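# Per-entry structural report
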Amino acid sequence: MGVSTSTRRHRKGTHVSDRHEHPHHHSPTGLRHRLSHLLTPHSHETADKVDPALESSARGMRALWVSLAVLGVTALAQAVVVAASGSVALLGDTVHNAADALTAVPLGIAFVLGRRAATRRFTYGYGRAEDLAGLVIVLTIAASAAFAGWTAIDRLLDPRPVQHVPAVALAALVGFAGNEWVARYRIRVGRAIGSAALVADGLHARTDGFTSLAVLLGAGGSALGWQLADPIVGLAITAAIALVLRDAAREVFRRVMDAVDPALVDRAERALTEVPGVRGVGELRLRWIGHRLRAEVAVVVDGDVTVRQAHRIAVDAEHALLHAVPRLTAALVHADPEPAPGEADPHLPLAHHAAA
């Protein structure tokens, strides 16, 4: 006997977890929610809150467009100073800021696609578009690193004095302030909605902020008459971009390969073992689809219970998972009967398929 249940697979009736409200998962954001979250007994960390799919995508879109505006203004101001000063260090920082701002485009497209309902061809929906956007961001970071490095090496071979050094220093400070604000905002929202691509974009912006401070050091060296200070700082900026490229690529690669934090698996297993009627937990799988999680799990139940009782246990197990696992929006729970002494494994006919 095997019984499966899922919030996405029921066609008749209303699922228990569809009827039940999850204040810490499914309530709207904003000041009212934050106040109620502080006062309700279901209090959890901010990172554990899950918004509905539409609301989380909307938060991601707001983060993208707000940061796009801030970085766009920052890059424009720096570009004016680059044209007047000829600083390659500031040029590298400006190009990186512009590239960081433009990464809002693929992410915005991904968030819009993620809102579309699943179809018979794309049965899991379009959440994976967000992972593809993460790959585009990684390639953008790589391209900006290559451009900054090439420009710095060219200036190192052909040194030229930097003009308007005070303006370069001021532009560097503006770049740091704009990037750090955007980094904090993107990382906070990305972690809240579970978007690896948005977090990677925030790390990208943070590195831009530190590279802006490096431009400030280059301006100081130029003010002291050391012409090589500017291209050397440009090379340092290239190295910093390469470091964030490594981190962002690792994060996006893990998401594309369906990696999850092992602590989430432990948390899900603990929640399942506490469900009345669950005798054991078999295979448990979690995967990200965009910035939302799905689960598939087999639980062991008493072999003498009826189909209806086994189904109730499976529903309770799914309900427990929705409460316990942050950003989990759907779970498929399969109930297997506890084996009786001498009974053959009911899954034996499937063994040769699993080995293929």
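Parameters at a glance
Residues numbered from 1 in each chain as written. Predicted model: local features only at pLDDT ≥ 70, side-chain atom pairs only at ≥ 80, totals over all residues. Heavy atoms only, no water. Helix = DSSP H or I, 4+ residues; strand = E, 2+ residues; numbered from the N terminus. Contact = heavy atoms within 4.5 Å. Areas by Shrake-Rupley, 256 points an atom, 1.4 Å probe, with all protein chains shown as cover. Salt bridge = Lys/Arg side-chain N within 4 Å of Asp/Glu carboxyl O. Buried < 20%, exposed > 50% of the residue type's maximum accessible area, 1.4 Å probe, protein only. Core = buried A, V, L, I, M, F, W, Y, C linked by side-chain atoms within 4.5 Å. Phe/Tyr/Trp six-rings, centres within 6.5 Å; stacked < 30°, edge-to-face > 60°. Lys NZ or Arg CZ within 6 Å of the ring centre and 35° of its normal. Axes fitted to C-alpha atoms, helices over the stretch in contact; angles between N-to-C directions. Parallel < 35°, antiparallel > 145°, perpendicular 65-115°, else oblique. Nonpolar A, V, L, I, M, F, W, Y, C, P; charged D, E, K, R; others polar. Patch = residues over 30% accessible without salt bridge, like charges linked within 9 Å, V, L, I, M, F, W, Y side chains within 5 Å. Expected span 1.5 Å × (residues − 1). Arc of directions from axis to C-beta.

Next up on the list: the overall build of the chain. Summing up its helical and strand segments, the chain has 13 helices and four strands in all. Long-range pairs, those at least 24 residues apart, make up 76% of the contacts in the chain between residues at least 6 apart in sequence. Surface summary for the chain: the accessible area is close to 18100 Å², and the carbon and sulfur share equals 63%.

Taken as a whole, this structure holds 10 salt bridges when the rule is applied. Residue Arg-128 is joined to Asp-131 by a salt bridge in which the shortest nitrogen-to-oxygen separation is 2.9 Å. Residue Arg-128 is classed as partly exposed on the basis of its relative accessible area, which comes to 25%. Where Arg-287 meets Asp-258, a salt bridge forms, and the shortest distance between an N and an O atom there is 3.4 Å.

Generally speaking, nonpolar side chains in soluble globular proteins are found buried as a group. The biggest cluster of nonpolar side chains holds 37 residues, and the ones touching the most others in it are Leu-90, Leu-107, Leu-198, Val-215 and Ile-237. Mapped onto this core, the elements with two or more residues apiece are helix H4 (53-85), helix H5 (88-102), helix H6 (104-114), helix H7 (129-157), helix H8 (165-193), helix H9 (196-223) and helix H10 (229-256). Among the elements that make up this core, the one with the highest residue count is H8 (eight residues). Apart from the residues lying within four places of it in its own chain, the contact partners of Ile-237 are Ala-89, Thr-211, Ala-214 and Val-215. Core analysis: the second largest hydrophobic core is formed by 27 residues, Trp-288, Val-301, Val-305 and Val-333 among them.

Here the focus is the environment of Ala-263. Within the secondary structure, Ala-263 sits in helix H11 (residues 262-273). In this structure Ala-263 comes out as partly exposed when scored by relative accessible area, which is 40%.

The full count for this structure, using the stated rule, is two aromatic pairs. Aromatic pair Phe-122 and Tyr-126: ring centres 4.8 Å apart, planes at 35°, arrangement tilted. For Phe-122, a relative accessible area of 40% puts it in the partly exposed group. When its relative accessible area of 15% is taken as the criterion, Tyr-126 is described as buried. Between Trp-181 and Tyr-185, the aromatic rings sit 5.3 Å apart at their centres with planes inclined by 40°, giving tilted as the arrangement. Linking Trp-181 with Tyr-185, this pair stays in helix H8, spanning four residues, or about one helical turn. Take Tyr-185: its relative accessible area is 16%, and that puts it in the buried class. Sitting over the face of the ring of Tyr-126, Arg-116 holds its NZ or CZ atom 4.6 Å from the ring centroid.

With that settled, consider the packing of H6 against H7. Where H6 meets H7, the closest approach of the two axes is 8 Å, and the angle between their N-to-C directions is 175°. Between H6 and H7, the angle is such that the two are roughly antiparallel. Contacts between H6 and H7 involve Pro-106, Leu-107, Ala-110, Phe-111 and Leu-113 on the former and, on the latter, Ala-129, Glu-130, Ala-133, Val-136 and Ile-137. Among the residues making up the contact of H6 with H7, the classes are represented as nine nonpolar, no polar and one charged.

Our next topic: a nonpolar patch on the surface. Taken together, Ile-153, Leu-156, Leu-157, Trp-226, Leu-228, Ile-232 and Leu-235 make up a surface patch of nonpolar side chains, about 620 Å² in accessible area. Secondary structure elements with two or more residues in the nonpolar patch: H7 and H10. Top element by residues in the nonpolar patch is H7. It accounts for three residues. With respect to the helices and strands, Ile-232 occurs in helix H10.

On to the side chain of Arg-327, then. Mapped onto the elements, Arg-327 comes out in the loop between helix H12 (307-324) and strand E4 (328-337). In this structure Arg-327 comes out as buried when scored by relative accessible area, which is 14%.

The terminal C-alpha atoms of H11 lie 17 Å apart, and with 12 residues this matches the ideal 16 Å at 1.5 Å per residue to within 8%. Buried residues of H11: Leu-264, Val-265, Ala-268, Ala-271 and Leu-272, and no others. The buried residues of H11 all sit within an arc of 125° when viewed along its axis, so they share a single face. Facing away from the buried surface of H11 by more than 90 degrees, the exposed residues are Pro-262 and Arg-270. On the buried face of H11, the contacting elements are strand E2 (280-289), strand E3 (292-301) and H12.

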